[in-house]
Amino acid sequence: MKHKKSIYILVFSNFLICLGIGLVIPVTPFIKNEFHYTTSDMGVMTSLFALAQFIASPIVGRISDRVGRKPIIVLGLLIYAISEVIFAISTTLPGFNTSRLIGGLSAAMVVPTSMALASDLTTLKERAKVIGWLSAAFSGGLILGPGIGGMLANIDYKTPFWFAAGIGIISVIFTQLLLHDADKEVLVQDAKKELEKKSGSYRDLLTAPFIILFTMILIASFGLQGFESIYSIYVNQIFNFGLGTIALVLTLNGIISLILQVSLFNIFVNKIGEIKLISLCYLLSAISVGWILFARSKVEVIIATLIIFSSFDLLRPAITTLLTKAGRANQQGLINGMNMSLTSIGNIIGPLMSGALMDWNPHSPYVVVAIILAMSYFFTFIVKRFPVLPAEE
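Read on for a plain summary of the structure. All residue numbers refer to position in the chain's written sequence, counted from 1. Local features in a predicted model are, by the rule used here, given only for residues with pLDDT of at least 70; side-chain atom pairs are given and counted only at 80 or more, and totals for whole chains, interfaces and linings are based on all residues. The side-chain figures draw on all heavy atoms in the structure; neither hydrogens nor water molecules are used.

1. Comments concerning the packing of aromatic side chains
Working definition: rings of Phe, Tyr and Trp (its six-membered ring) pair if their centres are within 6.5 Å, and the pair is stacked with planes under 30 degrees apart, edge-to-face with planes over 60 apart, and tilted otherwise. Scanning all chains against the criterion turns up six aromatic pairs. Residues Tyr 377 and Phe 378 carry aromatic rings whose centres are separated by 5.2 Å and whose planes lie at 65 degrees to one another, so their mutual orientation is edge-to-face.

Printed below as a string of structure tokens:
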């Protein structure tokens, strides 16, 4: 691989951003109790991050197609550090909410732009491996964030955010000095020939293959959040899982996730291809959600849960890889921005739907999720009809 150093920087940047998302989780109760906020206040504060991502991601992606990836990533990391400082010094709800909005903007600048730059720096043959690494960094940050935040919060509940801000500033410096921006090589050579220095437009993506792939991204994020957001409540209420058992399941999932995305994802793609892998993941996740609804033992629930999480851990990078291969060099920023934006929509809608349905009937959220995932499995047969992939390099 020609640009390993730059890829490693991108991996760390994605990990850092997702670490920041997870840091807030263990300190939310402290903030709620100290300032006497309601649970709804905390819910709004959390959702503002995803809302900012949703609005900013496609816009930032398109800008990166024009001005280059590196400036956007460096600025995004700087904004990330600023958002963590604002959270650390805030003593009012508007301050916390402002931090989350700015944090969502930073994620919109770093995550999809990193995916786009990874696409610029890699060949089609290398891309699945690199997308797998970036997805593993994404998952690793989300997994380790709450744990690191919890440990640092033992000093003071705002210590995690000062820590994250410091790491963010260091990351800005190293990224500025060491990251190689491939846009001058790739976009000038490839995109100039196609559109004479014009970046991709939204109209270019209004084709059946892209619409279906973007729909799959939305369903994948919606399905995961619809399942995960109420998981602890569901298994505690229905199967009497304690905190120790829930923590064990999530820890096992984290280990399996890293193994799948770092070591096995590229092998699966090379063996069966992205579309077949996507199809298999939708099928396994739909069956396993249904299995939980009819399970009679904790062991069954744990096995089904790990299959579901593992399926989603492979599903998202597989769809992302397919999208990057389907787009031209001058579209990568826009495509990955749309990817992140639709993921954010799923992250907002999934928990809202599952929470509302669970108040009505505890099993109904998973019935809906299973049906949607099953329908998505059949969508993959439609994707196979379209020539979305370029010839292998």
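2. Quick look at helix H9 (residues 231–239)
Of all the residues in H9, the buried ones are Tyr 231, Tyr 234, Val 235 and Phe 239. With its buried residues spanning 90 degrees around the axis, H9 presents them on a single face. Strands are runs of DSSP state E lasting at least two residues, helices are runs of H or I lasting at least four, and both sets are numbered from the N terminus onward. Following H9 by one or two positions, Asn 240 has its phi on the positive side, about 60 degrees. Each residue is assigned to one of three classes by its accessible area relative to the maximum for its type, calculated with a 1.4 Å probe on protein chains only: buried under 20%, partly exposed between the two thresholds, exposed over 50%. Summarising the geometry, the arc corresponds to the directions from the helix axis toward the C-beta atoms.

3. What about the nonpolar core?
One finds Tyr 282, Ile 319 and Tyr 366 to be the most contacted residues of the largest nonpolar core, which totals 50 residues. Those elements giving two or more residues to this core turn out to be helix H8 (208–228), H9, helix H10 (243–272), helix H11 (274–294), helix H12 (298–326), helix H13 (332–360) and helix H14 (364–383). No other element matches H12, which puts 13 residues into this core. Membership of the second largest hydrophobic core comes to 40 residues, among which are Ile 31, Met 45, Ile 73 and Ala 88. By nonpolar core is meant a set of buried Ala, Val, Leu, Ile, Met, Phe, Trp, Tyr and Cys residues that side-chain atoms within 4.5 Å join together.

4. Remarks on the packing of helix H3 (residues 69–89) against helix H6 (residues 159–178)
Note on geometry: axes are C-alpha line fits, over the in-contact stretch for helices, and angles between N-to-C directions span 0 to 180 degrees. In contact at an axis separation of 8 Å, H3 and H6 are set at 165 degrees when each is read in the N-to-C sense. In terms of their interaxial angle, H3 and H6 are classed as roughly antiparallel. The element H3 and its partner H6 pack so that their crossing is left-handed. Contacts between H3 and H6 pair Lys 70, Ile 73, Val 74, Leu 77, Leu 78, Tyr 80, Ala 81, Glu 84, Val 85, Phe 87, Ala 88 and Ile 89 from the former with Phe 161, Trp 162, Ala 164, Ala 165, Gly 168, Ile 169, Ser 171, Val 172, Thr 175 and Gln 176 from the latter. For this classification, the nonpolar set comprises Ala, Val, Leu, Ile, Met, Phe, Trp, Tyr, Cys and Pro, the charged set comprises Asp, Glu, Lys and Arg, and every other residue, Gly included, is treated as polar. The residue makeup of the contact of H3 with H6, split by class, is 16 nonpolar, four polar and two charged. Each angle receives one of four descriptions, namely roughly parallel if under 35 degrees, roughly antiparallel if over 145, roughly perpendicular if within 65 to 115, and oblique otherwise. The hand of a helix crossing depends on one turn: near helix anticlockwise from the far one by less than a right angle means left-handed, and clockwise means right-handed. Working rule for contacts: check all heavy atoms of both residues, and any pair within 4.5 Å makes them a contact.

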